[in-house]
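Single-letter residue listing:
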Amino acid sequence: MKEANNKIVMDKQAYHYLNMPSIQVDTRWLLMRLVEQGLVDANEANLVAGTPRTKEQMHYHGLQIIADAKLENLKTGKLFDLNQLLEWFQQLSGMEKFHIDPLKINVPRVTDVMSYNFSQRHHILAVYSSDEEVIIATAQPYYRDWEDGLRQSLGKRTIRRVLVNPEDLYRYRIEFYNLAKSVFGASESTQQISKVGNFEQLLELGSIKNPDANDQHIVNIVDWLLQYAFDQRASDIHLEPRRDVGKLRLRIDGVLHNIYELPANVTAAITSRIKILGRMDVAEKRKPQDGRLKTVTAAGDEVELRLSTLPTAFGEKLVMRIFDPDVLLRSFKQLGLSNDEQETWQQWIANPNGIILVTGPTGSGKTTTLYSTLRQLATEEVNVCTIEDPIEMVEGKFNQMQVQHNQDVDFASGVRALMRQDPDIIMIGEIRDLPTADMAIQAALTGHLVLSTLHTNDAPSSLTRLLDLGIPSYLLTSTLTGIMAQRLVRTLCPHCKQECEVDKHGWEQLVKPWKVKVPARIFSAKGCLECRNTGYLGRVGIYEMLTVSESIKAMVENQFKLTDLRQLAYKEGMTTLRLSGAQKVAAGLTTIEEVMRVTPQHAS
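Here the structure is a predicted model, which is why all the values come from computation and not from measurement.

## Examining the overall build of the protein chain
The secondary structure content of the protein chain amounts to 22 helices and 18 strands. C-alpha atoms of the protein chain, sized along the principal axes, occupy 90 × 70 × 50 Å. Burial statistics for the protein chain: of 604 residues in total, 51% are counted as buried. The contacts in the protein chain between residues at least 6 apart in sequence include a share of 65% that link residues at least 24 apart. Carbon and sulfur atoms make up 48% of the accessible area of the protein chain, which totals about 29,400 Å². In the protein chain, which carries 69 positive and 74 negative side-chain charges, the distance between the mean positions of the two groups comes to 4 Å.

## Digging into the pattern of salt bridges
A side chain with one charge can pair with a side chain of the opposite charge if their charged atoms come near. Scanning the entire structure with this criterion turns up 25 salt bridges. Between Arg521 and Glu499 there is a salt bridge, and its shortest N-O distance comes to 3.6 Å. In this pair, Arg521 is assigned in the loop between α18 (504-511) and β17 (522-524) and Glu499 in strand β16 (residues 498-500), connecting sequence segments 22 residues apart. Relative accessible area serves as the criterion here: at 45%, Arg521 is assigned to the partly exposed category. Given a relative accessible area of 48%, Glu499 falls into the partly exposed group.

## A short note on the sheet that holds strand β13 (residues 425-428)
Within the open sheet, the seven strands sit side by side as β12-β11-β13-β14-β10-β15-β18. Their pairing is mixed. Pairing within the sheet leaves two strands with one partner each, and these edge strands are β12 (399-402) and β18 (536-547). Averaged over neighbouring strand pairs, the angle between their axes works out to 20° when direction is ignored. Inspection of the sheet shows strand β10 (residues 354-359) paired to strand β14 (residues 449-454) by six bridges, in the parallel sense. Looking at the pairing, Leu357 lines up with Ser452 of β14. The strands touched by helix α14 (residues 411-418) within the sheet are β11 (384-388), β12 and β13, with β11 carrying the most contacts at an inclination of about 165°. Where helix α15 (residues 434-445) meets the sheet, its contacts fall on β10, β13 and β14, and the angle it forms with β10 comes to roughly 135°.

## Focus: the sheet that holds strand β1 (residues 124-129)
Strands sit in the order β1-β2-β3 across an open sheet of three strands; the sheet is mixed. Since the sheet does not close on itself, it has two edges, and those belong to β1 and β3 (158-163), each with one partner. Geometrically, the sheet is characterised by an average inter-axis angle of 30° between neighbouring strands, direction not taken into account. With five bridges connecting them, β1 and strand β2 (residues 133-138) associate as antiparallel partners.

## Examining the pairing of strand β6 (residues 255-263)
Relative to β6, strand β5 (residues 245-252) is paired through eight bridges, and the arrangement is antiparallel. Bridge pairing links Val245 to Pro263 in β6. Between β5 and β6, which pair antiparallel one after the other, the connecting turn spans two residues, and Asp253 there sits at a positive phi close to 55°.

## Section: the packing of helix α12 (residues 339-349) against helix α13 (residues 366-377)
One can describe the packing of α12 onto α13 by two numbers: an axis separation of 12 Å at closest approach and a directional angle of 60°. Put simply, α12 runs oblique to α13. Note that α12 runs across α13; the crossing there is right-handed. On the side of α12, the interface is formed by Trp345, Gln346 and Ile349, while α13 contributes Thr369, Thr373, Gln376 and Leu377. For the contact of α12 with α13, the per-class residue count stands at three nonpolar, four polar and no charged.

## With respect to the confidence of the model for the protein chain
Segments scoring low in pLDDT should not have their predicted coordinates read at a detailed level. Per-residue pLDDT for the protein chain has a mean of 86; in total, 91% of the residues score no lower than 70. Ignoring residues within four places in sequence, the model shows residues 1-14, a span with pLDDT below 50, making 26 contacts including any to other chains. Below pLDDT 50 for its whole length, residues 190-209 participates in 29 contacts with residues either more than four positions away or in separate chains.

## Regarding the nonpolar core
In terms of nonpolar packing, the biggest core is built from 61 residues, with Met114, Ile136, Leu150, Ile237, Ile270, Leu305 and Met320 touching the most fellow members. Take this core: its biggest share by element is nine residues, from helix α9 (residues 216-231). Leave out the neighbours within four places in its chain, and Ile136 touches Met114, Ile124, Leu125, Ala126, Trp146, Leu150, Ile159, Arg160, Arg161 and Val162.

## Digging into the environment of Tyr142
Take Tyr142: it is sitting in the loop between β2 and α7 (147-154). As a C-alpha pair, Tyr142 and Ile23 span 119 residues in sequence and 5.5 Å in three-dimensional space.

## Considering the pairing of strand β9 (residues 315-323)
Summarising burial for β9: eight of the nine residues are buried, a large majority. Where strand β8 (residues 302-312) lies against β9, nine bridges are found, and the strand directions are antiparallel. By the bridge assignment for β9, Glu304 is matched with Phe323. The turn linking β8 back onto β9 is made up of two residues.

What counts and what doesn't
In this convention, every chain numbers its residues from 1, walking through the sequence in written order. Whole-chain, interface and lining totals are the exception, using all residues; otherwise, since this is a predicted model, local features are given only for residues with pLDDT of at least 70 and side-chain atom pairs are given and counted only at 80 or more. Note: side-chain values were computed over all heavy atoms of the structure, leaving out hydrogens and water. Counting from the N terminus, the helices are DSSP H or I runs at least four residues long and the strands are E runs at least two residues long. Relative accessibility under 20% of the residue-type maximum defines a buried residue, over 50% an exposed one, and the middle range a partly exposed one, all with a 1.4 Å probe and only protein chains included. In this description, contact between two residues means that some pair of their heavy atoms is separated by no more than 4.5 Å. Only the protein chains shown count as cover for residues, and the accessible areas themselves come from Shrake-Rupley with a 1.4 Å probe. Charged-residue counts in this description rest on Lys and Arg as positive and Asp and Glu as negative, His and the chain ends being excluded. Here the site of a charge means atom NZ of a Lys, CZ of an Arg, CG of an Asp or CD of a Glu. When a carboxyl oxygen of Asp or Glu lies within 4 Å of a side-chain nitrogen of Lys or Arg, that pair is called a salt bridge. Following DSSP output, two strands are said to pair if at least two bridges run between them. Note on geometry: axes are lines fitted to C-alpha atoms, helical ones only across the stretch in contact, with angles between N-to-C directions running from 0 to 180 degrees. Put simply, angles under 35 degrees are roughly parallel, angles over 145 are roughly antiparallel, angles from 65 to 115 are roughly perpendicular, and the rest are oblique. Take the far helix as your reference; a near helix turned counterclockwise from it by less than a right angle gives a left-handed crossing, and one turned clockwise gives a right-handed crossing. We call Asp, Glu, Lys and Arg charged. Ala, Val, Leu, Ile, Met, Phe, Trp, Tyr, Cys and Pro are nonpolar, and the rest, Gly among them, are polar. What pLDDT expresses is the predictor's confidence in each residue, scored from 0 to 100. Residue types Ala, Val, Leu, Ile, Met, Phe, Trp, Tyr and Cys, when buried and joined through side-chain atoms within 4.5 Å, form a set referred to as a nonpolar core.

Right, here's the structure in full:
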């Protein structure tokens, strides 16, 4: 960072960036402004200005130096942090403030605006580029020596300058250009897009060289991709081949976001690289494959990824599901269970035998619920065994077995084998056919506690699903303890949620046909930098718990209608998914719209 002269001529006018000469402000200049406005003690400012920079601080902006010094704001009595200093600097300069959200940056387009050397030399970064306008981010609002040179290359496009956090500017300048360089380097090694595995393959003549999976550029892209997904709290990474490009998407809080478009040959090389890391057959591109990968984040945390490939019209589609081992440490309260729901669940799992089912669509948190439960149950006195397809997360407290279809080891035969292992508790990944359901019944009848999942819309319909599979009603009622349906709803961002008027019509739709009192207040999603203007940050579970009571058993053993079963369950205290969601709305955790979005219509 270029340091300006220590002595700067003061003037009485506002320091608007349009009226200032072209200078790069330094730490001393910023401290002088803070002292002038009575925000910082002059002696403390002189001490900070005279302190030499450490090696780590050599590229720091003056705002970062002042933030590290933890100076007291004399008007508020609180210590200055970087965000507060940036807000002050924005008001001082009059320049528009901008937050760099990497999810919304078209990296190939913005890195094409200027070279990395030009960006680094002038401490700027393009964050938006269109045919009409280019937005340039800077942390030096009074420095404009770069403008004339850039205008010559932009032609008729206008330049808009914005003020950004200097930490973000430094970080993303390196990330964006390194990524663009790696993608370009990987794609440069090919003369023509390869159509290997492409449904629309054409006859190709000449030498076709594709990037190698172990090419350093590809290695860099994969490393960036994984770290980026961890930083963005993604639960899934999608790498999808198309005709000429590959799409990279991340699922964050249950919603997919487009991240990057890659050349088709680079997409194929990235897929091969990840398949190698996951010990999958790289040569096999015609059959779906499963694998797993364990990696370490920059913070030193171990993260597991489950890999799945699928042959498509334009090549292999790859999905990586990210499993954070910390989810195993979450309490039931953190998962979103109310006190009553926790009490019911604890009563169910306290039984020495019987079947407990968790139901819901893919991505509704069933695995997290079961793993958290098994971790609690897996004491030194019991033998906990699982049969999964595939093993979601490796956990040392219990014995995990994976379905191997090529070795004729399916759920049913796996449970049969586990029965000879002296288990106390058995977890079956999913009941999807009659043989698996039969073995679950047999395990429960012989004195084992069985936990499993089922794919149904709600708890009552699980009973009809099991009967449809062919389970006799008398076996079902003698073994089934309880069924819990669940969904994940996005939680309101605590930084920006705001109180709003209750939509009485929406509330009535949510809780009908019950007459539930309208809450005194609810909150709506506003949107801020912390939540990328979505208004939501994180997710929490909502639950529907059906205890298989004597009256429920009596109805199941006779021919019954699903609607009658639901009504009986409601009378016995079963809270529907929407009522559970309404409790979260009343508690200020989510919104009516979010609960309505994820719950089925008959859930009320």
